[in-house]
Amino acid sequence: MTIKVKFFAYYRTLFGDKEKWIELEAEATAGRLLTILAETPAQLQELSSRHLVVMINGVNLSSRDGLETVLCDGDVLAVFPLMGGG
Amino acid sequence: MSGSAFGFFGRYLEIDLTAGGVRVRPLEAALVADYIGGRGLATRLLYDAVDAACDPLGPENVVAIAVSPLVGTNAPTAARGHMVFKSPLTGLLGTSNSGGGWGFSFKATGYDALVIKGRATEPVWIDITPDKVEILPAARLWGKDIHATTEELTAGFEAGRRPRVLCIGPAGEHLVRYAVVANDKNRVYGRGGPGAVWGSKNLKAVRVAGKEKIQIHDPERYQSGYDQAVYLMRQAPVTKRLLRELGTAGLVELINVIDMLPHRNFQDCVHLDEDLERVSGETIAKTILERAAGCYLCPIGCQRHTRIVRAGSPDQSGEGPEYETVVLMGPDCDIYDLEAITTANYRCNEFGLDTISFGGTVACAMELAEAGLLPADRTRGLDVRFGNAAVLEQLAVDTACRRGLGDLLAEGSYRLGERFGRPDLSMSVKRMEIPAYDPRASLTQALGYMTSPSGACHLRGGYAVSLAFFGGTREIPRFSLLQSPIAIRNMQNMGILQDSLGICRFTGYAFGSDPWSRMLSGVTGMDFSVARFEEIENRIAALERLFNSAAGATPADDVLPPRFADSTIVVAGEARAVTRDAQARMRQDYYQVRGWDAEGRPTAALIESLRIAPPAGRMS
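What counts and what doesn't
- Residues numbered from 1 in each chain as written.
- Chains lettered and ligands numbered in written order.
- Predicted model: local features only at pLDDT ≥ 70, side-chain atom pairs only at ≥ 80, totals over all residues.
- Buried ≥ 20, exposed ≤ 12 C-beta atoms within 10 Å, placed from the backbone.
- Helix = DSSP H or I, 4+ residues; strand = E, 2+ residues; numbered from the N terminus.
- Contact = placed C-beta atoms within 7 Å.
- Nonpolar A, V, L, I, M, F, W, Y, C, P; charged D, E, K, R; others polar.
- Pairing = 2+ DSSP bridges.
- Axes fitted to C-alpha atoms, helices over the stretch in contact; angles between N-to-C directions.
- pLDDT = per-residue confidence, 0-100.
- Domains from an automatic or database assignment.

### What about helix α16 (residues 392–400) of chain B?
Residue and element names in this part refer to chain B.
For step 1, the next point in the chain: Those residues of α16 not exposed but buried are Leu392, Leu395, Ala396, Asp398, Thr399 and Ala400.
For step 2, the next point in the chain: If you follow the buried residues of α16, they end up packed against α5 (170–173), α13 (338–351), α14 (355–370) and α17 (405–409).
For step 3, the next point in the chain: Arginine 402 lies just past α16 and shows a positive phi near 55 degrees.

Okay, here's the thing in C-alpha cells:
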C-alpha cells in the first residue's frame, strides 16, 4: 500500500522534501512507517523526540492507536515538531 | 527613592486629564500579593476607579496600565505591559497585553502602574521620567501616524538612552472601535479598541525613560527559576527555532491540516494547498522576510521584519504579517495574495488598527456585499467582494480615517451587520471578531471564545489549538463536552498568570508555572507558590467576571454566532458544528467549574473565600 507523508517546518529540510510517498506491506503500523523514515541519526532523533507530532488524516496519532495504528492505503500522515502561535 | 524595592516600587501614577493633575499613589504590598501585577493589578485598579456603566468613549472611562514585579529583571520575555479599560467595541472589559519594550522602560521610571482618567480639552501627550511627569500639548503630533509619532518623540536621543513611546495613530484619533495603542511602532495593545479610548481622551502618547532599578530579595532562588526557564526554552522546538524561522504564520499550513483555517467569513475551512502555500510562514521567509527579531529580553524572535520590493515602485517595509493577519485578511476574505495582505498590514500598523477585527469586519462586509446588502452609495466604487485583494489596503486607510465605507467598517462587524439587518453575518462574540481558528473544529476552543472576558479571543479565552491537536505533553480531546470546561479554565488561568507576570505566552510551550514561582518569590521575597498562583488566577478571573456583570453582561452573551450551530464544516472526514445544546451544557459546566452561579456570577461565598474587596472609592 502507498502512504503519503507530509512534512512541515524544518522537517522539510531534514527529510529532504515537503512530501514523500512510502510503499509499505499491507497492515503495516505507523511505528513501522516511522522506522522507515528514520534514515539518518538526525532524523531518528527528531522522530524519537517528545516534541514530535504525527497526525493521521487530520487527527493526532494518539487519538488512534499510537504507533500501533494500522495504516490503510491512501492514508495521509503529517509529521512536524510541536508548533504553537497566536 | 528610599527603601528597597523588591520587585515593585510600591507606588503608581494617577493622571486626571480633565484637571491636568498628576498624583503619586501608594501601592500596597497586599495588592501585589493578591493580584501580582500586569493584568491582575491593572484589573483591580480599574475596578476601583471606574463605574462599569460608564460610556467607554466618555471622560468617565479609565485606562489602567500595569507591569509586574518581574519587569526590571532579566527574566526571559519579562518586558510586557497590560492595559485594562472599558471597551468601546464590546461595552465590557477591555484587557490587552503587549510586548516590545515599553513595559520595561515604564518600570525604569520608578512606578508600578499608570491610571489615566478624564479627558483633556486639547490633544496632549504625557512624558514620564523619574524626576517629573508632565502633560504636554500634542497639537503638532495629532494626525501623525504611529511610526511618525514615535520617531518624533524619540528623535535626538543617543541609542541606549532612547525613551520608549506608547501612542495612537489616526484610527484612535477617529475613535475606530478596534483602534490599537502601539509601542515600539509595531507591537500593539491590540484588541477591544484601547486606541479609541485614548483618542476620546485626547491622549496621543505616553513617553517613558529612566534608570530606576528594583532589587532581588533572594538572588539564588530567582536564579534557579531563571536557569530552568532558559534551559527549557532551548529544548522546545517552538521557542528554540520554529518561531524564529517561520514566525506565527508558520501555523498556516498546520492549522489547515486539522481543518480549522477559516475561509470566506467562516463559511468553511476548505482551501487548495497551493493557495495556502502562497501565504505560509515558509513563503514569507523565502520572499519578503528581511530578519527575525524579538521583543526586549526575548530569545524567541517571532517578529517578522519584512520588505516588499516591486519593480517601478518604492520599497515598502514594516513588521508582519502575523498568523492572524495572514488568515483573517487573507483566506477568510478568499484572498491568497501575500503582497496585498502585507501592504494592508503595514497600513494597519501605521494607522493603528487591530488586524483581527479589521480582517473579520472586511470578511463580513464582503459577505454582505455578495448578498446584495451593501448599497452602491456606501461602497463608493470600491469592489468589496470575496477575493478582491486590491481593495484591502484602501479599506484599511479608509477605516482608520472613517472615510466612505470605512466609516461603517470602523464600527466593527457586528454593528456593520446589524445596520443592514444581518448581525448573524458577524463572526464575533460580544461584538469582538473571532480569531483565525474555526470553533467547530474544537469544542474546547469554542468554549474559550464563548467565555473569554474580553470577547472572542484566543489569548484571553484560552489557546486550545496546539494542546488539543498537536499532542505535546498534555492531550486534550477536541470534541469532549465533559473535559472542555476544566481544560479551558486551566488554559485561561495560565494566560491570566502570564499576563500578570508580564511575560510572553510562547514561554508556555517550554515550561509551566514552577520556574515563574521561583523567580517571582525570589524577586519579591513573598510567597508565590504554585498553589498561591492558582488562587490568584481564580481571583482575577472572578474579578473580571464581576466587572462584566456590572457592565451588563449575561449568559446570553456567552454564545457563538448562529453560523457555528447551524452550519457544519468537515473535520477529519466528519461534519461538525457547535450545537446550541452543546454550548449550553459546556457553558453551565464552565460556570460550575469556576464556582459561579447558574447566571455566571461569582457567588458570595467565592468572593469571600477569594477575598475580593468591593470597589474602593472612585478617583476624586
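### As for the interface of chain A and chain B
For step 1, the next point in the chain: Counting from both sides, the interface comprises 19 residues of chain A and, opposite them, 31 residues of chain B.
For step 2, the next point in the chain: Elements with a minimum of two residues in the side of chain A that touches chain B: β3 (52–56), β4 (59–60) and β5 (76–81) of chain A.
For step 3, the next point in the chain: Considering each element in turn, the side of chain A that touches chain B owes the most residues, three residues, to β5 of chain A.
For step 4, the next point in the chain: Looking at the side of chain A that touches chain B residue by residue, the classes come out as eleven nonpolar, eight polar and no charged.

### Observations regarding the sheet that holds strand β10 (residues 181–183) of chain B
Residues and elements named next belong to chain B.
For step 1, the next point in the chain: With mixed pairing, the six strands of this open sheet are ordered in space as β8-β7-β12-β9-β10-β11. A strand with exactly one partner marks an edge of an open sheet, and here the two such strands are β8 (133–137) and β11 (187–189). Averaged over all neighbouring strand pairs, the angle between strand axes comes to 20 degrees, with direction disregarded.
For step 2, the next point in the chain: In the sheet, strand β7 (residues 124–128) pairs with β8 via five bridges, with the strands oriented antiparallel. Bridged to isoleucine 126 within β8 is isoleucine 135.
For step 3, the next point in the chain: Most of the contacts of helix α4 (residues 146–154) go to strand β9 (residues 164–167), to which it runs at about 145 degrees, and overall it touches β9, β10 and β12 (203–208).

### Quick notes on the sheet that holds strand β1 (residues 11–16) of chain B
Working definition: the strands of a sheet are paired by backbone hydrogen bonds and lie parallel or antiparallel to each other.
Residue and element names in this part refer to chain B.
For step 1, the next point in the chain: Sheet architecture is open: six strands sit in the order β2-β1-β6-β3-β4-β5, paired in mixed fashion. Since the sheet does not close on itself, it has two edges, and those belong to β2 (21–26) and β5 (93–98), each with one partner. The sheet shows a mean angle of 15 degrees between the axes of neighbouring strands, direction not considered.
For step 2, the next point in the chain: Bridging between strand β4 (residues 81–86) and β5 involves six bridges; their strand directions are antiparallel. Bridge pairing links glycine 81 to serine 98 in β5.
For step 3, the next point in the chain: Seen against the sheet, helix α2 (residues 38–49) touches β3 (62–66), β4, β5 and β6 (113–117) and runs at an angle of roughly 155 degrees to β3.

### As for the pairing of β1 of chain B
Residue and element names in this part refer to chain B.
For step 1, the next point in the chain: Taken together, the six bridges between β1 and β2 define a ladder with antiparallel strand orientation. Bridge pairing in β2 places isoleucine 15 opposite valine 22.
For step 2, the next point in the chain: Looking at chain direction, β1 and β6 are connected through four bridges and run parallel. Following the sheet pairing, aspartate 16 is matched in β6 by lysine 117.

### A look at the confidence of the model for chain A
For step 1, the next point in the chain: Of all residues in chain A, 99% have pLDDT values of 70 or greater, and the mean over the chain is 93.
For step 2, the next point in the chain: No element of chain A has a lower mean pLDDT than β4 of chain A, at 86, and none a higher one than strand β1 (residues 2–7) of chain A, at 97.

### Quick word on the domain arrangement of chain B
All names here are of chain B.
For step 1, the next point in the chain: The domain boundaries assigned to chain B delineate domain 1 (11–208), domain 2 (248–433) and domain 3 (442–509 + 529–609).
For step 2, the next point in the chain: Counting from both sides, the interface comprises 18 residues of domain 2 and, opposite them, 19 residues of domain 3.
For step 3, the next point in the chain: When residues of the side of domain 2 that touches domain 3 are traced back to their parent elements, those giving at least two are β16 (428–429) and β17 (432–433).
For step 4, the next point in the chain: A per-class count over the side of domain 2 that touches domain 3 returns ten nonpolar, two polar and six charged.

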